[in-house]
Amino acid sequence: ILFNSSHLFRKTYYDQQADVQDSSRLNTSLSFEFPEQMTTLKLGDNVSNYTGLNQSFYFGGFSFGTNFSRRPNFTYWNTPSVQGSALTQSTVDLIINGSQAYNAKVNPGQYNIDSNIGFSGLGEAQVIVKDILGNTTVQNISVFVDQRLLRPGLTDYNFSAGKLRYNYAYDDNDYRDWFGSGFVRRGITSSTTLGATADYSKKLESAGLMLSQYLYKLGLLEVNSAYSHADEIGLEGYTVNTEFKRDTQAYSIGLRSQYYSPEFRMLGLDDYTASYLPKQENQIYLSRNQIPFINNLSLSYVERKYRE
């Protein structure tokens, strides 16, 4: 169990005189960890999970969901699995991009080894099996590892409910509309992860779908889309977010673009009658690794386009 409470104390100066002194409660929460189920229940003030479709918002209430993405000793992404058979006791080596990533001894029969390697991105792998008689077989395979792809059969989820909170840095009790929110992501295969999200309040409903897909020998493609309906003003809108990234041992490149229709709304906006969201957000980044002396160099370009 973890109890947390944060407060902000400040003085406001006018003409070099401290005329106003006040304080505000930023958050107060109580968290319960369930290690065997790898879940967390949090009561009190909280921040919503970022799903790639919406912006995070503050709220007071409860949140329950998985926490394995924050566990350094738990492998939840699509690590390569070495499968095969051996007639006698053998040694299995996994070589990725010329470096040994795994080594193990296996008994006669079928074997399946979850490598749990410290590797990310695209790579060319060799599976070398050597038995006690000296016979050696080599299998060449392409591998792709990314933390956005969940292990097949693994589910990541979170459900929250309570009241939306505004002006938390200045007002202790600015809690307004009741809401409910949830998302779930599941690893379908080692190269496909699907997800869904839904939000509900008296003024707004929204729902979305998420796809993370490995494109063979190219990289990771993510496509997310959401629909919203603002009840009081009858607006129906949508957003589409696409991202492609390619990571190799030598370089990384990524492109991301998100479009918001004029009528799209999301939870946490102070006023649903007006949209403060941009028309489009674009990002391009390029990183080069293994550069002499400086090791790594990254370049990024970000733009945000607003409507008039």
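Here, the structure is the one placed above.
The model shown is predicted, which means the values in this text are computed figures rather than measured ones.

Caption draft 1: Local environment of the sheet that holds strand β10 (residues 136-145). Taken in spatial order, the four strands make up an open sheet running β7-β6-β9-β10, and their pairing is antiparallel. Single-partner strands in this sheet number two, and they are β7 (99-106) and β10. Between one strand and the next, the sheet's axes are offset by a mean angle of 20°, whatever the strand orientation. Sheet topology note: the strand β9 (residues 121-131)/β10 ladder contains ten bridges and is antiparallel. By the bridge assignment, glutamine 126 is partnered in β10 with asparagine 140.

Caption draft 2: Summary view of the nonpolar core. With 23 residues, the main nonpolar core has Phe68, Tyr76, Val82, Val92, Leu94, Ile96 and Tyr111 as its most contacted residues. Core analysis: the second largest hydrophobic core is formed by 17 residues, Leu164, Phe179, Leu204 and Leu267 among them.

Caption draft 3: Region of the structure containing the pairing of strand β4 (residues 58-66). Relative to β4, strand β3 (residues 39-47) runs antiparallel, the two sharing nine bridges. Of the residues in β4, the one forming a bridge with threonine 39 is threonine 66. Pairing between β4 and strand β11 (residues 155-165): seven bridges, direction antiparallel. Each residue of the ladder has a partner; that of glycine 60, found in β11, is lysine 163.

Caption draft 4: Structural view of the packing of aromatic side chains. For the structure shown, the criterion picks out twelve aromatic pairs. Consider the rings of phenylalanine 64 and tyrosine 157, whose centres lie 6.3 Å apart with planes at 45°: the pair is tilted. With phenylalanine 64 in strand β4 and tyrosine 157 in strand β11, this pair connects stretches of sequence that are 93 residues apart. A relative accessible area of 21% means that tyrosine 157 is categorised as partly exposed. Taking the centre distance of 5.7 Å and the plane angle of 45° together, the rings of phenylalanine 68 and tyrosine 76 count as tilted. Each member of the pair, phenylalanine 68 together with tyrosine 76, is buried. Ring pairing ties together the aromatic residues Phe68, Phe74, Tyr76 and Trp77, which thus form one cluster.

Caption draft 5: Up close: the pattern of salt bridges. Scanning the entire structure with this criterion turns up ten salt bridges. The partner of aspartate 22 in a salt bridge is arginine 10, and the shortest N-O contact between them spans 3.4 Å. With aspartate 22 in strand β2 (residues 17-34) and arginine 10 in strand β1 (residues 2-14), the pair connects residues that are twelve residues apart, well separated along the chain. Among the residues examined, aspartate 22 registers a relative accessible area of 33% and is labelled partly exposed. A salt bridge links lysine 305 to glutamate 303, with the shortest nitrogen-to-oxygen separation between them at 3.8 Å. For lysine 305, a relative accessible area of 41% puts it in the partly exposed group. Linked by salt bridges that have partners in common, Arg25, Asp45 and Arg165 make up one network.

Calculation criteria
Residues numbered from 1 in each chain as written. Predicted model: local features only at pLDDT ≥ 70, side-chain atom pairs only at ≥ 80, totals over all residues. Heavy atoms only, no water. Pairing = 2+ DSSP bridges. Helix = DSSP H or I, 4+ residues; strand = E, 2+ residues; numbered from the N terminus. Axes fitted to C-alpha atoms, helices over the stretch in contact; angles between N-to-C directions. Core = buried A, V, L, I, M, F, W, Y, C linked by side-chain atoms within 4.5 Å. Buried < 20%, exposed > 50% of the residue type's maximum accessible area, 1.4 Å probe, protein only. Phe/Tyr/Trp six-rings, centres within 6.5 Å; stacked < 30°, edge-to-face > 60°. Salt bridge = Lys/Arg side-chain N within 4 Å of Asp/Glu carboxyl O.

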